[in-house]
Amino acid sequence: MKDLKVFVSYRIDKDAEKIGDESFLPVLCGSVFSDKKTGFYRDDNGENISEKRLSYCELTVQYWGWKNIKADYKGLMHYRRFLSFSDKVYPESKEERNNGCVSEKFYSKKIQEKYGLTQENCLSWLSKYDVIACHPIDAGKSNIQCMKDSPDYHNYRDMEKALEILKRLYPSMSTTADEYMNGSQVRLYNCFVMRSDLYDEFCKWEFSILSELDQYLSMDKYSIKKYRTPGTVAERLFGIYCHYLKKEKKVRFKETQLVFLEDTSPKETITPFFGKDQVTIACNFNNNYAKVFSVFLISLLEKLSYSRNYEIVVLSEDISEENRATLAELVRNRANIKLTFLKPFRYLEGLRLKIDNHLYTTDLFVRPLIPYILSSYGRVVVCDVDTIVKKDLADLYDTELNGKPIGAVKDTVFYGYLNGVVPGTLSYAKKEMKLSDPYNYCNTGVLLMDLEMIRRLYSEEGIRKKIDNSNYRIFEQDLINVLFDKQIHFLDRRWNVYTYTNPSIKKCVEEAPINDFLEYQKAREEPWIIHYAAHPKPWWSPRSDFGLDFWSVARLSPFYEELLGEMSFHISAGLLSENNKKRELRLPLKKFFPSGTMRRERLKAAIRRFPKLKQFLKKFDY
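Note that the structure is predicted; figures quoted are calculated from it, not measured.

A. Fine view of the sheet that holds strand S22 (residues 529-531). Within the open sheet, the three strands sit side by side as S17-S22-S21. Their pairing is mixed. Bordering the open sheet on either side are strand S17 (387-389) and strand S21 (497-498), each of which pairs with just one other strand. As paired elements, S21 and S22 share two bridges and run parallel to each other. From the neighbouring strand, Val497 faces S22, where its bridge partner is Ile530.

Shown next as structure tokens:
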């Protein structure tokens, strides 16, 4: 078998998932400036230009591979951009940062298989081609104009000097260079694989030009973007050389798609920070809920014991570094509390997530996979973050589950659905969800999960298949009830008191079976966890049910002003006032149907298209 070596350039200041198999060599770009050694090749070994990292970018890795590695085929790729070796063609992005690339959220073995990043597959392609390169992008204007239109990145005089050197050193390529630079086909990113002799010829040609260009460049006043001039000039040189190979040399040339990774961070795994005796609490949410989580966290901290150790695991894909730091500051002085952040979306990769409501996001489906995300943990309390804690969660964590895999509170609101508030729910629960007893349905806003037992009951792939095939009305909550039908230990209702956030929720509770209604009313007298599950939220309206409990804690949050701002926005938008609905709805209606001679005709035209509009307008005295 032929020997293939693809040099994959990795940053010294950022951890990233390693791509490809053993033929893809992870090389630290500018490793002369880093002590990181484990698991990476270094571009400061042997003959090298590692110290040019800031200006030459990934070319330091390309140079190192040229001077120090022997192989039949050599290539260059990046930690976040790589060639596709798939015969399938995928949709490409038009965004500036990944223009012309196929965009993927993150790297995984499935991505490796999808794009054929294996030695065997790559060599199969290379048996037919001498050069494989990323295809060009039609910029709609010349390469020259592209560079002139990006002064933050380019001083075009530097490119002119490079072209002058090219034409002087390689006069036979003069016409080819002009054709490429005046053409609109732009080949960026320096990603390719070549027969070794072609790789070496290309490097000799390219670095001879750049080496002389270095003598003319004066970059001490350049910004960090423009300081990468040798690297950006090299992108155009790469395009020129590819044009030359296709036009002048008798080589078998293959163009393929380039893949861009949105998130390059490696898949994370964690173990219990304080060991097996800790209390583990997990919350999953997106960055928009960070300020709400801070209120939950403060309420939690007020109740936690100083004699127990607690790890609070935040499962969030997009929480910002700034918000992480702000939240971590809240527990800084508590030696018995650890706040751990973990990105969970890798576990959802490849799944079809059916979410048909704009109020909900992908984060919903993290919850059923927590046993595998927290694969080293024995049990965990899982809480929605739109909650206020009134009791030490160690008491919930220690609750005996009597041989059941999960503990949860009965969902009184859902029982109102079953009793006719939402027609058809009982039939849906029996026929589609196939629940043995729909009146044993739980709310998943607060869960106690025996993770070891769940892992014995279901494999990770088994749960993934359930998610992939699910099409439930209440998304992951219905799914969890289906998964654990007849296997739920029902907790004291005080552990999850669902608030009267709006009249329809109150009606559901009142329509529930009498014993459930009475137990719910009793739990409201002394809630251990207050759950603001529906809309409007208390940070939208201070007069919501148990709203004062929320705001008494929110005043202590570092996000207090932001929460006030959000509430002010909702109030000013007129979305909350029950007493002024007519006035609030009439204002936007007047914008659509202003008074005057055209008002009647506009109304008639609208009613012809939407007959129900007439009844709606009458309802609001319009």
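More follows now that the structure is in view.
B. Representation of helix H14 (residues 412-421) in the model. Among the residues of H14, Thr412, Val413, Phe414, Tyr415, Gly416 and Leu418 are the ones counted as buried. Where H14 starts, the residue carrying a side-chain oxygen 3.2 Å from the main-chain nitrogen of Val413 turns out to be Asp411.

C. Region of the structure containing the pairing of strand S13 (residues 279-284). With six of six residues buried, S13 is to be regarded as a mostly interior element. Residues Val279, Ile281 and Cys283 line one face of S13 and the alternating positions Thr280, Ala282 and Asn284 line the opposite face, and both faces are buried. The pairing of S13 with strand S14 (residues 310-315) spans six bridges and is classified as parallel. The residue bridging Ile281 from the neighbouring strand is Ile312, located in S14. In terms of handedness, the path from S13 via helix H10 (residues 290-303) over to S14 forms a crossover that is right-handed. Pairing of S13 with strand S16 (residues 379-383), which is carried by two bridges, proceeds in the parallel orientation. Residue pairing in the sheet places Ala282 in a bridge with Val382 of S16.

D. Summary view of the pattern of salt bridges. Considering all chains together, one arrives at 38 salt bridges under this definition. Across the salt bridge formed by Lys161 and Glu164, the nearest N and O atoms sit 3.2 Å from each other. Of this pair, Lys161 and Glu164 are both found in helix H6 (residues 156-169), three residues apart, which corresponds to roughly one turn of the helix. By relative accessible area, Glu164 is classed as partly exposed at 43%. The salt bridge involving Glu201 is made with Lys249; its shortest N-O contact spans 3.8 Å. In this pair, Glu201 is assigned in helix H8 (residues 196-216) and Lys249 in the loop between helix H9 (229-247) and strand S11 (253-256), connecting sequence segments 48 residues apart. One network of salt bridges, in which partners are shared, links Asp130, Arg195, Asp197 and Arg252.

E. Broad picture of the state of the cysteines. Per the counting criterion, the structure on display carries zero disulfides. For Cys146, which is in no disulfide, the shortest distance to another cysteine sulfur is to Cys134 and amounts to 15 Å.

F. Focus on the sheet that holds strand S19 (residues 442-450). The mixed open sheet is built from seven strands, whose spatial order is S15-S14-S13-S16-S19-S18-S20. The sheet terminates laterally at strand S15 (337-342) and strand S20 (488-490), the two strands that pair on one side only. On average, each strand axis in the sheet is tilted by 30 degrees relative to the strand beside it, whichever way the strands run.

G. Layout of helix H4 (residues 119-126). Looking at H4, one finds that the buried residues are Gln119, Cys122, Leu123, Trp125 and Leu126. Relative to the axis of H4, the buried residues are bounded by an arc of 155 degrees and lie together on one face. Contact partners of the buried residues in H4: strand S1 (4-10), strand S2 (24-28), strand S4 (73-78), strand S7 (131-134), strand S10 (192-195) and S11.

H. Molecular detail of the packing of aromatic side chains. Under the criterion given, the structure shown has 35 aromatic pairs. Summarising the aromatic geometry, the rings of Tyr458 and Phe484 are spaced 6.0 Å apart at their centres and angled 90 degrees between planes, so their arrangement reads as edge-to-face. With a gap of 26 residues between them, Tyr458 in the loop between helix H16 (451-457) and helix H17 (460-469) and Phe484 in the loop between helix H18 (475-483) and S20 connect regions that are remote in the sequence. Taken together, the aromatic side chains of Phe7, Tyr41, Trp64, Tyr170, Phe192, Tyr199, Phe202, Trp205, Phe238, Tyr241 and Tyr244 make up a single cluster linked through ring pairs. The cationic tip of Arg334 hangs over the ring face of Tyr306; the distance from NZ or CZ to the ring centre is 4.1 Å.

I. Layout of empty space enclosed by the protein. Summed over the entire model, instances satisfying the criterion amount to four cavities of 30 Å³ or more. One number sums up the size of the largest cavity: a volume of about 90 Å³. What lines the largest cavity is Val409, Lys410, Asp411, Thr412, Val413, Asn443, Arg493, Asn496, Tyr498, Tyr520 and Ala523. Mapped onto the lining of the largest cavity, the elements with two or more residues apiece are strand S18 (406-410), H14 and helix H20 (514-525).

J. Seen up close, the nonpolar core. In terms of nonpolar packing, the biggest core is built from 92 residues, with Phe82 and Ile240 touching the most fellow members. What Phe82 contacts, discounting residues up to four positions off in sequence, is Ile19, Met77, Tyr107, Ile111, Tyr115, Leu117, Gln257, Leu258, Val259 and Leu261. Among the nonpolar cores identified, the runner-up in size contains 46 residues, and Val366, Tyr415, Tyr428 and Met449 belong to it.

K. Quick peek at the environment of Ile298. The residue Ile298 is located in helix H10 in this model. The sequence separation of Ile298 and Lys161 amounts to 137 residues, and the corresponding C-alpha distance is 61 Å. The residues touching Ile298, leaving out its near neighbours within four places in the chain, are Leu330, Val553, Leu556, Ser557 and Pro558.

Rules and cut-offs
Residues numbered from 1 in each chain as written. Predicted model: local features only at pLDDT ≥ 70, side-chain atom pairs only at ≥ 80, totals over all residues. Heavy atoms only, no water. Pairing = 2+ DSSP bridges. Helix = DSSP H or I, 4+ residues; strand = E, 2+ residues; numbered from the N terminus. Buried < 20%, exposed > 50% of the residue type's maximum accessible area, 1.4 Å probe, protein only. Polar contact = N/O pair within 3.5 Å; in protein donor to acceptor, adjacent residues only side chain to side chain. Right-handed = clockwise from strand over helix to strand, strands pointing away. Salt bridge = Lys/Arg side-chain N within 4 Å of Asp/Glu carboxyl O. Disulfide = S-S within 2.5 Å. Axes fitted to C-alpha atoms, helices over the stretch in contact; angles between N-to-C directions. Arc of directions from axis to C-beta. Contact = heavy atoms within 4.5 Å. Phe/Tyr/Trp six-rings, centres within 6.5 Å; stacked < 30°, edge-to-face > 60°. Lys NZ or Arg CZ within 6 Å of the ring centre and 35° of its normal. 1 Å grid on protein atoms, 1.4 Å probe; cavity = no way out; pocket = protein on both sides within 12 Å on 5 of 7 lines; lining within 4 Å. Points joined across faces, edges and corners; volume = space filled by probe spheres on them. Core = buried A, V, L, I, M, F, W, Y, C linked by side-chain atoms within 4.5 Å.

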